[in-house]
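# Structural characterization, general
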Amino acid sequence: ARIQALARQIVDAVIEKGECDFVAEVAGEMPSFVIAELMGLPLADGRELYKLTEIIHTAPEALPPGAGGVAVAKMFEYGSGVIAEKRARPGDDLASRLLACEVDGRKLEDMEFLLFFLLLVDAGGDTTRNLLAGGLLALMERPDQLAWLKADLDGRLAGARDELLRWTSPVIYMRRTARR
């Protein structure tokens, strides 16, 4: 319910303004809110973490030397604060649960948590942003499909989401090279 209320705030702000950069103001904002909510973090911090992921994904030649490494270090520094906070005052959130869980009788080490934290914030935000932006573009390029979806949004949204995930790959950076 809280995430739906946040989504409504984003949409209302766009409607009030009358225009937006969809990628920056909607598709990029939404996952930062969702991840912050899941992890039990302040929403403003989710936005700042998302900015770090943007640096991590920017081509190195477009940034000052070492900027990507600095962004990862800041992400780990923030994650270390999350570890301290959630161990001292656990809540009903994913970060607290991860820190309390045991796998084969042992708890996650700090570095394991930090790597998971980086992956969740980075990959969760990036892929969701790409899917939302690519999905909207796909629908705008196919007005008949957009009209079909709008005709029964509640009944068709889940299937449309799955099809957009198939149609517009949100992961474009990873590559594989056949060695043999």
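Refer to the preceding data block for the structure.
Here is a short report on the structure shown in this document.

Definitions and cut-offs
Residues numbered from 1 in each chain as written. Predicted model: local features only at pLDDT ≥ 70, side-chain atom pairs only at ≥ 80, totals over all residues. Heavy atoms only, no water. Salt bridge = Lys/Arg side-chain N within 4 Å of Asp/Glu carboxyl O. Buried < 20%, exposed > 50% of the residue type's maximum accessible area, 1.4 Å probe, protein only. Helix = DSSP H or I, 4+ residues; strand = E, 2+ residues; numbered from the N terminus. Polar contact = N/O pair within 3.5 Å; in protein donor to acceptor, adjacent residues only side chain to side chain. Axes fitted to C-alpha atoms, helices over the stretch in contact; angles between N-to-C directions. Parallel < 35°, antiparallel > 145°, perpendicular 65-115°, else oblique. Left-handed = near helix turned anticlockwise from the far one by under 90°. Contact = heavy atoms within 4.5 Å. Nonpolar A, V, L, I, M, F, W, Y, C, P; charged D, E, K, R; others polar. Phe/Tyr/Trp six-rings, centres within 6.5 Å; stacked < 30°, edge-to-face > 60°. Core = buried A, V, L, I, M, F, W, Y, C linked by side-chain atoms within 4.5 Å. Expected span 1.5 Å × (residues − 1). Arc of directions from axis to C-beta.

Here the structure, examined in full by the defined rule, presents 15 salt bridges. Put simply, lysine 17 and glutamate 25 hold a salt bridge, and the shortest N to O gap is 2.6 Å. A salt bridge links lysine 86 to aspartate 93; the shortest N-O distance between them is 3.0 Å. Here lysine 86 matches aspartate 93 in class, with each residue buried. Each of Glu54, Asp126 and Arg129 takes part in one network of salt bridges that share partners.

This part covers the environment of glutamate 163. On the secondary structure map, glutamate 163 appears in helix H9 (residues 153–167). Residue classification places glutamate 163 among the partly exposed positions, given a relative accessible area of 37%. In sequence terms glutamate 163 and alanine 24 are 139 residues apart; their C-alpha atoms lie 23 Å from each other. Among the polar contacts made by the side chain of glutamate 163, one reaches the side chain of arginine 166 at a distance of 2.5 Å.

Here helix H3 (residues 29–39) crosses helix H4 (residues 43–57) at 125°, and the two axes come no closer than 8 Å. Here H3 lies oblique to H4, going by the angle between them. In this structure, H3 crosses over H4, and the sense of that crossing is right-handed. Contact residues: Glu29, Ser32, Phe33, Ala36 and Glu37 in H3; Leu43, Gly46, Arg47 and Tyr50 in H4. Each residue belonging to the contact of H3 with H4 can be placed in one class, and the counts come to four nonpolar, two polar and three charged.

Position of proline 60 among the secondary structure elements: in the loop between H4 and helix H5 (67–88). In this structure, the C-alpha to C-alpha distance between proline 60 and leucine 94, residues 34 residues apart in sequence, is 32 Å.

On to the packing of aromatic side chains. Here the structure, examined in full by the defined rule, presents two aromatic pairs. Ring centres of tyrosine 78 and phenylalanine 117 lie 6.1 Å apart, and the angle between their planes is 20°; this geometry places the pair in the stacked category. Here tyrosine 78 is found in helix H5, whereas its partner phenylalanine 117 is found in helix H7 (residues 110–141), with 39 residues between them in sequence. When the ring of phenylalanine 113 is compared with that of phenylalanine 117, the centres are 6.1 Å apart and the planes differ by 20°; the resulting orientation is stacked. Of this pair, phenylalanine 113 and phenylalanine 117 are both found in helix H7, four residues apart, which corresponds to roughly one turn of the helix.

Membership of the largest hydrophobic core comes to 27 residues, with the highest contact counts inside it found for Met39, Leu41, Leu49, Met75, Phe113 and Phe117. For this core, the secondary structure elements donating two or more residues are helix H1 (2–17), H3, H4, H5, helix H6 (94–100) and H7. The dominant element in this core, judged by the number of residues it contributes, is H7, at six residues. Contacts of leucine 49, omitting those with residues within four sequence positions, involve Leu41, Met75, Tyr78, Phe117 and Val121.

On to unusual backbone geometry. A negative phi angle characterises most non-glycine residues, just as the trans form characterises most peptide bonds. Although it is not a glycine, aspartate 104 adopts a positive phi angle of roughly 55°. Relative to the helices and strands, aspartate 104 is located in the loop between strand E1 (102–103) and strand E2 (106–107).

Looking now at H4. Its 15 residues place the ends of H4 21 Å apart at the C-alpha level, agreeing with the 21 Å of an ideal helix rising 1.5 Å per residue. Of the positions making up H4, those classed as buried are Leu43, Gly46, Leu49, Tyr50, Leu52 and Thr53. All buried residues of H4 lie within an arc of 160° about the axis, which places them on one face of the element. Residues of H4 that are buried in the fold lie against H1, H3, H5 and H7.

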